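# An overview of the molecular structure
Here are the chains, one letter per residue:
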Amino acid sequence: MTDKKSIGLSIFKKLLFPGAALTRSELVKLHNIRPATLFAIVDELKDDGIIIEPERKGFKTGRKASPLKLNPDFGYFIGIELHTSYCSGVIIDTEGNVCVSVSIKSEAGKDEKRCLSEITEVMEKLKADSGGAVWAKTKTAGFADPGLVNGRDGISVKAVNIKGWSNLKTREWFANSFAKSCMLVPSNSARTYIEYKQFNNPPESLFHIELDQGIGAGFIKDEKLFSGDSFCGMEIGHISIMPDGPLCQCGNRGCLEAVVGEEGIRKKISEFKSSRVETKLNPDSFSLEEFIKCVNQNDKAASLIAYEISEKIGLALVPVAALLNPSVILMSGRLTGLDKILLPAVKRVLTLNCMPRAVNSLIVKVSTLDRQATTMGAALLARDQFFLSGSV
Ligand SMILES: [Zn+2]
């Protein structure tokens, strides 16, 4: 039994990456036990409907070994993301393919009651759109929370942007409302997880920074996400980079988010306007998309702001490289539209300010995933926890 559990786990670990496949001969190389014993376990996992071996049809001479895969129809997994401006949901099969996805736009200034009713609406749409057979096979859900999360007890600790979203027993509410178990994670961790899952050869550690309206981060080391012992880790948005800088919503001055987040950029535009620097940007009708467009059109004020915030982002990443020494720093969010300025600036600041050994082989890159990938990340986390926690 122990053999079946541990070998099952090692197979799942390999197969839970997109496009992954494992042949019987590769499996034999990974384990120091008799092939016959190993194949008996593989056959049991096939009989249980967990894995499939689609191309193994008889034993043709000279034919390459057929790969083992997860059975897509073994079970389905739900991902939910609550964001200040939308709520979205997805159902994936065991292989990670999207079966259904739903997204609803939120009105500005939503409170906790409105958020709970949005989640209910998304869950009902997922149920209706997926059909009875798929819904009946949904095993568990991942919930990407917009704020700090006590994942151990399933509690939403606090989201500063949503009124009333604090100290909520979200996991319990989810189970009572939908009769589904739910894994609660900060949305930045869900995003970090899906970014990590994009690698064919996953790095030992990855630090992900989201550069958008707000600034957040996540860290994964040896396949495990870390968000601190009191759930406040990876708050890179609240590292002070300018002690006399603008006031942040957390109460401190000069936090990265207050300087390079949407509000920080808006303030900078106002400063340029009042100094009569020519610019197409208007602080009253401003969006990050508009800002990036102006940078690409060589608008002077927009370009100066872009260089300044890229430098500041690099400075905030210096302590990350010094303390965590990650293999990869990955940037996501709408501000990565500045990648031509951002990437070289961040690399330069890191090289100038870090120990050479910390950055010589560091990979710094920009995400290729879209904004809704976080919802998928939540579903993948739920799926992987289901397989790797020994419940299969
Ligand atoms: Zn702050």
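Here the structure is a predicted model, which is why all the values come from computation and not from measurement.

Turning to the sheet that holds strand β3 (residues 67-70), a few remarks are in order. Pairing is antiparallel in the open sheet, where three strands are placed in the order β1-β3-β2. In this open sheet, the two strands that pair with only one neighbour each are β1 (22-23) and β2 (51-52). In terms of strand pairing, β2 meets β3 through two bridges, oriented antiparallel. Note that in β3 the partner of I51 across the bridge is L70.

Turning our attention to the pairing of β3. Along β3, the buried face is formed by L68 and L70; none of P67 and K69, which line the opposite face, is buried. The pairing of β1 with β3 spans two bridges and is classified as antiparallel. If you follow L22 over to β3, its bridge partner there is L68.

Ranked by size, the top nonpolar core spans 90 residues in total, and within it I80, F143, A378, A379 and A382 carry the most contacts. Per-element accounting of this core gives the leading share, ten residues, to helix α11 (residues 300-324). When residues of this core are assigned to domains, at least three map to each of domain 2 (74-194 + 372-388) and domain 3 (202-366). Not counting the four nearest positions on each side in its chain, A379 is found in contact with F77, I78, G79, V90, I92 and G142.

For the chain, the assigned domains are domain 1 (2-70), domain 2 (74-194 + 372-388) and domain 3 (202-366). The centre of domain 1, based on its C-alpha atoms, is set 32 Å off from the matching centre of domain 2. Split by residue class, the side of domain 1 that touches domain 2 holds six nonpolar, one polar and no charged.

Quick look at the sheet that holds strand β10 (residues 166-168) now. Strand order in this open sheet of three strands is β8-β9-β10, and the pairing throughout is antiparallel. A single partner strand is all that each edge strand has here, and the edge strands are β8 (148-150) and β10. Taking each pair of neighbouring strands and ignoring which way they run, the sheet shows an average axis angle of 20°. Two strands pair when backbone bridges link them, and β8 and strand β9 (residues 155-158) are joined in this way by three bridges, in the antiparallel orientation. Along β9, the bridge assignment pairs N150 with I155.

Definitions and limits used
- Each chain carries its own residue numbering, running from 1 in the written order of its sequence.
- Note on the predicted model: pLDDT of at least 70 is required for a residue's local features to be given, and 80 or more for side-chain atom pairs to be given and counted; whole-chain, interface and lining totals, by contrast, use all residues.
- Here, any two strands with at least 2 DSSP bridges between them count as paired.
- Secondary structure elements follow DSSP: runs of H or I no shorter than four residues count as helices, runs of E no shorter than two count as strands, and numbering proceeds from the N terminus.
- Here a residue counts as buried when 20 or more other C-beta atoms sit within 10 Å of its C-beta, as exposed when there are 12 or fewer, and as partly exposed otherwise, the C-beta atoms being derived from the backbone.
- For our purposes the nonpolar core covers buried Ala, Val, Leu, Ile, Met, Phe, Trp, Tyr and Cys residues that link as a set through C-beta atoms within 7 Å.
- For each domain, the first and last residues come from an automatic or database assignment.
- Any two residues are considered in contact once their C-beta atoms, placed from the backbone, lie within 7 Å.
- Each residue is assigned to one class: nonpolar for Ala, Val, Leu, Ile, Met, Phe, Trp, Tyr, Cys and Pro, charged for Asp, Glu, Lys and Arg, and polar for all the others, Gly among them.
- Only the stretch in contact is used when a helix axis is fitted, and all axes are lines through C-alpha atoms; the angle between N-to-C directions ranges over 0 to 180 degrees.

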